[in-house]
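# Report on the structure
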Amino acid sequence: MTSFSEILKSATWGDHESAESESYLTELMAGRLAPQEYGEMVAQHYFAYIALDGAARGLAGHPVAGRFVFPELYREEALERDLHAVYGPSWRDRIAPSPATRTLVARIEQVANWPGGYIAHHYTRYMGDLSGGQFIRQELQKIYGYTKGGGGIDFYVFDEVGSLPRFKNEYRARLDALDLDERERQRIIREVHLAYQLNTEVLAELLDVVKAAA
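### What about the layout of surface pockets?
In this approach the atoms are scanned with a rolling probe the size of a water molecule, which exposes any empty space left behind. For the largest pocket, the calculated volume is near 510 Å³. Residue lining of the largest pocket: 26 residues in total, with Ala19, Leu25, Arg125, Ile136 and Leu203 positioned closest to the centre. Within the residue set of the lining of the largest pocket, elements represented by two or more residues are helix H1 (4–20), helix H2 (23–29), helix H3 (35–58), helix H5 (99–110), helix H6 (115–130), helix H7 (132–144) and helix H9 (182–213). Counting residues per element, the lining of the largest pocket draws most heavily on H9, which supplies five residues. The class makeup of the residues in the lining of the largest pocket is 13 nonpolar, ten polar and three charged. As a volume, the second largest pocket reaches approximately 280 Å³. Every residue lining the second largest pocket is counted, 13 residues in all, and those nearest its centre are Lys9, Tyr123, Met127, Ser131 and Arg172. In terms of residue count, H1 provides more of the lining of the second largest pocket than any other element does, six residues in total. Taken together, the residues of the lining of the second largest pocket sort by class into four nonpolar, six polar and three charged.

Listed below in structure tokens is the structure:
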């Protein structure tokens, strides 16, 4: 029998590829964006992860969702270091959630009391950060000269979890251990589709901001 983690990955792979091919990331990886334009993405991540990790803290004791609460993954402090590195000590005055980010945050908060919804958004963001996000970190280090632990790319550093492949395997095992009927499986898959869409819309909006400022 095909595991749920494999079904989920296969069902949403097209969304994953669409997100990775988003033009903002293309421009970023090509080194064509100024540090402050990269900072726009960091800022939007900051607001999204306050919502996601806030939901996690509220679900820590839940018998189902609590299996997907990992304090070692929380990103707020790392993102604050990154924003300080990009914008300086007054970074809080430089950032605001975009309309697309507000929509994403609203959805995370809306489904926070549904274990499957929380898991869908957690899976979409964190498994991406732990996988393709590591390549992004390496490229950003080359482009902007940021160093690990010095801010700028700390969002992508997950030293607290130890071996990333081992952690991801454990994460998939927890997905596979979920006691889900087919209806709930499909509901989670639909929410992952939506999570990818909302995150991709954030990136698309960032590109519009960059173009408008050019």
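### Notes on the pattern of salt bridges
Throughout the structure, instances matching the rule amount to nine salt bridges. The salt bridge involving Asp129 is made with Arg125; its shortest N-O contact spans 2.8 Å. Of this pair, Asp129 and Arg125 both sit in helix H6, separated by four residues, roughly a single helical turn. Since its relative accessible area comes to 3%, Asp129 is described here as buried. Measuring nitrogen to oxygen at the nearest pair gives 2.8 Å for the salt bridge that ties Glu170 to Arg174. You can see Glu170 and its partner Arg174 sitting in helix H8 (residues 164–176), four residues apart, about one turn around the helix. Looking at Glu170, the relative accessible area reads 35%, which means it is partly exposed.

### Here's the deal with the environment of Ser5
Relative to the assigned elements, Ser5 resides in helix H1. The exposure class of Ser5 is buried, given its relative accessible area of 10%. Along the sequence, Ser5 and Glu184 sit 179 residues apart, while their C-alpha atoms lie 14 Å from each other. Leaving out residues up to four positions away in the same chain, Ser5 has contacts with Arg172, Leu175 and Asp176. A distance of 3.3 Å separates polar atoms of two side chains, one belonging to Ser5 and the other to Ser3.

What counts and how
- Residues numbered from 1 in each chain as written.
- Predicted model: local features only at pLDDT ≥ 70, side-chain atom pairs only at ≥ 80, totals over all residues.
- Heavy atoms only, no water.
- 1 Å grid on protein atoms, 1.4 Å probe; cavity = no way out; pocket = protein on both sides within 12 Å on 5 of 7 lines; lining within 4 Å.
- Points joined across faces, edges and corners; volume = space filled by probe spheres on them.
- Helix = DSSP H or I, 4+ residues; strand = E, 2+ residues; numbered from the N terminus.
- Nonpolar A, V, L, I, M, F, W, Y, C, P; charged D, E, K, R; others polar.
- Salt bridge = Lys/Arg side-chain N within 4 Å of Asp/Glu carboxyl O.
- Buried < 20%, exposed > 50% of the residue type's maximum accessible area, 1.4 Å probe, protein only.
- Contact = heavy atoms within 4.5 Å.
- Polar contact = N/O pair within 3.5 Å; in protein donor to acceptor, adjacent residues only side chain to side chain.

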